[in-house]
Amino acid sequence: MMTGVIFLIFFICLMIAIPISISLGIVSILPGILDSSFTVSAKYIVRSMFSSFSSANVYILWNIDG
């Protein structure tokens, strides 16, 4: 049930022209907000997103110089 709700919200976000990255951010935080038994906190998800941004930027810059 929760999976269906998440996909529905994701597609609604895309239909109303919310960018894909923001839509993915919204639906990745929603399970922790909607279901208290979800084991991963929103704080961990946001921290993981930002750490992947910084490591992706380092990877891109490393390949440009190399």
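Being a predicted model, the structure only gives us computed values, none of them experimental.

S.K.: Is there a simple way to explain unusual backbone geometry in this structure?
M.R.: Residues apart from glycine generally show negative phi values, whereas peptide bonds are mostly found in trans. Phi at Ala17 is positive, roughly 70°, even though this residue is not glycine. Structurally, Ala17 is set in the loop between α1 (2–15) and α2 (20–34). Relative accessible area serves as the criterion here: at 65%, Ala17 is assigned to the exposed category.

S.K.: Help me out: how do you make sense of α1 in this one?
M.R.: What sets the pattern is the α-helix's 3.6 residues per turn: residues three or four places apart point alike. The end-to-end C-alpha distance of α1 is 20 Å, a good match for the 20 Å that 14 residues give at a rise of 1.5 Å each. On its buried face, α1 is in contact with α2. Following α1 by one or two positions, Ala17 has its phi on the positive side, about 70°.

Reading the values: rules and limits
- Residues numbered from 1 in each chain as written.
- Predicted model: local features only at pLDDT ≥ 70, side-chain atom pairs only at ≥ 80, totals over all residues.
- Heavy atoms only, no water.
- Helix = DSSP H or I, 4+ residues; strand = E, 2+ residues; numbered from the N terminus.
- Buried < 20%, exposed > 50% of the residue type's maximum accessible area, 1.4 Å probe, protein only.
- Expected span 1.5 Å × (residues − 1).
- Contact = heavy atoms within 4.5 Å.

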